[in-house]
Amino acid sequence: MTRPPHVTPDEFARDRQDALKVLDVSRETLEKLDLLVQELRRWQNVKNLVGPSALGEIWTRHIADSMQLLRFAPHAERWLDLGSGGGFPGLVLAILRTERGLMQTDLVESNSRKCSFLRHVARLTGASVSVHEGRVEAILSKLDFQPDVVSARALSSLAQLIEWTNPLLRKGALGIFPKGQDVEMELSCATRSWTFTADCRPSMTNPLARIVLVRMSQQESPSNAPG
């Protein structure tokens, strides 16, 4: 297993062990997550997939932070992840979901190098993934399916995420949006333009963070939506 630089073997093992407390996985799935971390480290040298400072805590900061989202929609048949980047949370969730027989996860990413990485690791791990290369608004404007869940991590403000995804949310999709310590401010801004129900759940990996679960009924309409 490849380790991030400047991290001792014990520190790396402890970070991995702490991450795996979030969700029990089979040995086969753990091997696939190890493979994702290994390939991320290898590609990082030339592709800059994640911030260099995150490599030392890749398991807790990225793997576990992604894994925890599955608990909010464990049986969703189709999951759409926006701005998947180096695979977080979408590719991690795809690996977990494939283990459970939930076979379709769609990843949206505008960076072609990151799309290549997502497809590469999906092939290596056998994760059932479709990668959609392009800007979020362009991909969503021509989407030909209705997901059960739409997620986005560290992509944009909550108001912007709801603007992009409101047609999907109004048709019944659940929005799962991890947010940091400014979540209350983001909620306040979003409610100025949109009528929705938000359920803020504590993060299992960061005491200051929250997971915002967004629902919008089919009858509700934007109160003052842009455009």
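Our structure is the block above this text.
To keep things clear, this report deals only with the structure shown in the data block.

What counts as what
- Residues numbered from 1 in each chain as written.
- Predicted model: local features only at pLDDT ≥ 70, side-chain atom pairs only at ≥ 80, totals over all residues.
- Heavy atoms only, no water.
- Helix = DSSP H or I, 4+ residues; strand = E, 2+ residues; numbered from the N terminus.
- Buried < 20%, exposed > 50% of the residue type's maximum accessible area, 1.4 Å probe, protein only.
- Lys, Arg positive; Asp, Glu negative; His and termini not counted.
- Salt bridge = Lys/Arg side-chain N within 4 Å of Asp/Glu carboxyl O.
- Polar contact = N/O pair within 3.5 Å; in protein donor to acceptor, adjacent residues only side chain to side chain.
- Contact = heavy atoms within 4.5 Å.
- Phe/Tyr/Trp six-rings, centres within 6.5 Å; stacked < 30°, edge-to-face > 60°.
- Lys NZ or Arg CZ within 6 Å of the ring centre and 35° of its normal.

1. Overview of the side chain of Arg97
Thinking step 1. Along the polypeptide, Arg97 turns up in helix H4 (residues 90–99).
Thinking step 2. For the buried Arg97, which has no salt bridge, the nearest side chain bearing the opposite charge is Asp148, at an N-O separation of 6.5 Å.
Thinking step 3. Within the local environment of Arg97, its side chain forms a polar contact with the backbone oxygen of Glu77, the two atoms lying 3.1 Å apart.
Thinking step 4. Every residue in contact with Arg97, bar those within four places of it in the chain, is listed here: Leu70, Ala76, Glu77, Arg78, Trp79, Leu102, Gln104 and Thr105.

2. What about the packing of aromatic side chains?
Thinking step 1. This model, assessed by the stated rule, comprises one aromatic pair.
Thinking step 2. Taking 5.3 Å as the distance between ring centres and 65° as the angle between the ring planes, the aromatic pair formed by Trp43 and Phe117 counts as edge-to-face. In this pair, Trp43 sits in helix H2 (residues 27–47) while Phe117 sits in helix H5 (residues 112–125), placing the two residues 74 residues apart along the sequence.
Thinking step 3. Taking relative accessible area as the criterion, Trp43 reaches 15% and is therefore assigned buried.
Thinking step 4. With relative accessibility at 0%, the residue Phe117 sits in the buried group.
Thinking step 5. One Lys or Arg, Arg16, reaches over the ring of Trp59 and ends 5.5 Å from the middle of that ring.
Thinking step 6. Against the face of Phe145 rests Arg78, its NZ or CZ located 3.6 Å from the ring centre.

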